[in-house]
Amino acid sequence: MKKQDNAPSYFNWRRLKTGVLVTGDMGGWALLKPAEFSLFAAGKLKSGPAFRELEGAGFFRSRLDFDSMFSNWRDSNEYLRLGPGLHIMVLTQKCNHRCVYCQAGSGAGKNMSLATARRAVDFAFSAPVGGLTLEFQGGEPLLNWPALKETSIYARKKAAETGKELALALVSNFSLMDAGKADFIVENDISLCTSLDGPAGLHNANRKYSGGDSHAGAVKWIKYFQERRGVEPPGGPSALLTVTRASLGRAREIVDEYARLKLPYVFLRPLSPMGHALRRWEEIGYTPEEFLKFYREGLDRVLELNRRGVAIKEKTAFLLVKKILGSQDNKYVDLRCPCGAGLGQLAYDCDGAVYTCDEGRMLARDGDRSFLLGSALKDTYGGVINSEPVKACAIASSLDLQPFCARCAYRPFCGACPAYNRAAQGGFWGSMPSNGRCRALRGIFDYIFEKLSEKPVLEVFEKWLAS
Ligand code: SF4
Ligand code: SF4
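Residues numbered from 1 in each chain as written. Chains lettered and ligands numbered in written order. Predicted model: local features only at pLDDT ≥ 70, side-chain atom pairs only at ≥ 80, totals over all residues.

(A) Molecular detail of the site of ligand 1. With respect to spatial proximity, 16 residues lie near ligand 1, and among them Cys339, Cys357, Glu359, Cys417 and Ala419 are the closest. Those elements that place two or more of their residues in the shell around ligand 1 are α14 (358–365) and α18 (418–425). When residues of the shell around ligand 1 are assigned to their parent elements, the largest contribution, three residues, is made by α18. Of the residues in the shell around ligand 1, the class split is nine nonpolar, five polar and two charged. (Near = placed C-beta within 6 Å. Helix = DSSP H or I, 4+ residues; strand = E, 2+ residues; numbered from the N terminus. Nonpolar A, V, L, I, M, F, W, Y, C, P; charged D, E, K, R; others polar.)

Shown next as structure tokens:
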């Protein structure tokens, strides 16, 4: 064997409690013992299980399997050859809740007119995709029920005319749900997502509602739709959790509440410093390290429940494991490189203004219109997708161009968020490693890779991907 046969190809690495993680550009990885790592890095590792693992993952310069590396990369980045598939329609800026972290802005606001809604649907269908999801958001979209109803019917008609696949989705607090609306939702195959911040006391403290018990309303309709359409989404509703300072120390209770309600996922994500959350940060915010403690407790509880036969997944771990073990695009626009701003999603405000994403739209409500791309009423898809903010987001979220990310072991699985960077650090580019989102992600990756070296956990993760 020639000496250069053992020379490593390009790799990044990170020391973990369980060993040294080595990752390659195309998503190959291996967790090595420190002594194995030293030999590998010096080009002196010649045999043994670590050698074979590294060889299979494409870490030796003279033995790269370009065909398999390319097909893995292509599969996990398939979205790059398609247009935006997710189209978020803000049917109203109004909301009947006063949530402590509300980013959309509650109270007074506008509704989207039927004429504007139709133009937004036409615009969405002009994107070069074979299938699209139209997601109704607000505010509380049920406050503009006529537009929701008519837009759904119009979009279904448009899908039949164009031959494009269409998924309809509604994000609602369910407080205005009733039997008639539920019938329409079921008949028109609209998937549902609601907010659930944990047990009643915590949920209602976060999600203030003068019209009644917000938690009881959400639970009632979760159960209703589960009974009518089955537990698994897209039939049964999914739920989104917002973690505030009040949630810290209560991760187990929150996970248990999701498990009690048979929700298939609990999504543990840190709060973003935008809108109302930013203004109340001293009261409801926390550091990335405080979040990570919460995250580890929550993921541990999920894994414990899995061992007891309870089927629940933690969504952040699921999305990352899908990339780490499955080499698949997780279809989550915020963990892509480049991110989904314009390339994976578009958001339409009540007046027809088109933004890169809902977060970009939220920043505009606070006076920062950096993520505004144009208008569904007067611009074309081509004009919008070639606009400066789409290009700026694509560049700013290309991790190879970020000096710190380029050398980070988690780069093949990670994604940066220009909207977060803008809100938290003032620019699209962000500043790693002090960036709060990056600190939280690094800690989550550390924990997931440490857990992957435990065989029972690896088996749980593999089951998550198979189901
Ligand atoms: S800017 Fe952030 S929120 Fe918007 S698409 Fe990119 S990652 Fe997602
Ligand atoms: S954002 Fe942070 S965790 Fe992600 S690749 Fe960049 S440095 Fe690594």
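Structure shown, so let's carry the discussion forward.
(B) Looking closely at α14. Taken across its eight residues, α14 has six buried, putting it largely inside the fold. In this structure, the buried side of α14 is in contact with β4 (86–90), β6 (131–137), α10 (275–279), β13 (345–348), β14 (353–355) and α18. After α14 finishes, the residue Gly367 shows a positive phi value of roughly 95 degrees. (Buried ≥ 20, exposed ≤ 12 C-beta atoms within 10 Å, placed from the backbone. Contact = placed C-beta atoms within 7 Å.)

(C) Fine view of the packing of helix α13 (residues 315–326) against helix α19 (residues 436–452). Two elements in contact, α13 and α19, have axes whose closest approach is 11 Å; the angle formed by their N-to-C orientations is 70 degrees. Taken together, the axes of α13 and α19 are roughly perpendicular relative to one another. Touching Thr316, Ala317, Leu320 and Val321 of α13 are Ile444, Phe445 and Ile448, all from α19. For the contact of α13 with α19, the class distribution of residues is six nonpolar, one polar and no charged. (Axes fitted to C-alpha atoms, helices over the stretch in contact; angles between N-to-C directions. Parallel < 35°, antiparallel > 145°, perpendicular 65-115°, else oblique.)

(D) View of helix α16 (residues 388–396). Of the positions making up α16, those classed as buried are Pro389, Val390, Cys393, Ala394 and Ala396. Buried residues belonging to α16 abut β15 (372–375), α15 (381–385) and α18.

(E) Just the site of ligand 2, in detail. In the vicinity of ligand 2 there are 14 residues, among which Cys405, Cys408, Cys414, Cys438 and Arg442 approach most closely. Those elements giving two or more residues to the shell around ligand 2 turn out to be α17 (403–406) and α19. In terms of residue class, the shell around ligand 2 is built from eleven nonpolar, one polar and two charged.

(F) Region of interest: the nonpolar core. Core analysis: the largest hydrophobic core is formed by 123 residues, its most contacted members being Val22, Met89, Val266 and Tyr348. With sequence-adjacent residues up to four places away left out, Val266 is seen in contact with Leu241, Ile254, Val255, Tyr258, Val302, Ile312, Glu314 and Lys315. (Core = buried A, V, L, I, M, F, W, Y, C linked by C-beta atoms within 7 Å.)

(G) Focus on the sheet that holds strand β10 (residues 238–240). The mixed open sheet is built from eight strands, whose spatial order is β10-β8-β7-β6-β4-β13-β14-β15. At either margin of the open sheet sits one strand with a lone partner, and together these are β10 and β15. Adjacent strand axes in the sheet meet at a mean angle of 25 degrees when their direction is disregarded. For strand β8 (residues 190–195) and β10, the ladder comprises three bridges, and the chain directions are parallel. By the bridge assignment, Thr194 is partnered in β10 with Ala239. (Pairing = 2+ DSSP bridges.)

(H) Examining the environment of Phe184 more closely. Note on placement: Phe184 falls in helix α6 (residues 179–187). Owing to 15 C-beta atoms within 10 Å, Phe184 belongs among the partly exposed residues under this scheme. Between the alpha carbons of Phe184 and Ser152 there is a distance of 9.8 Å; along the sequence they are 32 residues apart.

(I) Focus on the sheet that holds strand β1 (residues 12–16). The three strands lie next to each other as β1-β2-β3, forming an open sheet whose pairing is antiparallel. Strands with a single pairing partner mark the edges of an open sheet, and in this sheet they are β1 and β3 (29–32). Strand-to-strand twist in this sheet, taken as the mean axis angle between neighbours without regard to direction, amounts to 20 degrees.

(J) Molecular detail of the pairing of strand β7 (residues 165–171). Where burial is concerned, the two faces of β7 differ: the one with Leu166, Leu168 and Leu170 is buried and the one with Glu165, Ala167, Ala169 and Val171 is not. Note on the crossover from β6 through helix α5 (residues 145–162) to β7: the handedness is right-handed. Where β7 meets β8, four bridges bridge the pair, whose relative direction is parallel. When the bridges of β8 are listed, Ala169 appears paired with Ser191. Handedness of the crossover is the feature at issue here: the chain leaves β7, passes through α6, returns alongside β8, and the resulting connection is right-handed. (Right-handed = clockwise from strand over helix to strand, strands pointing away.)

None of the figures reported here should be taken as evidence of function without further support.
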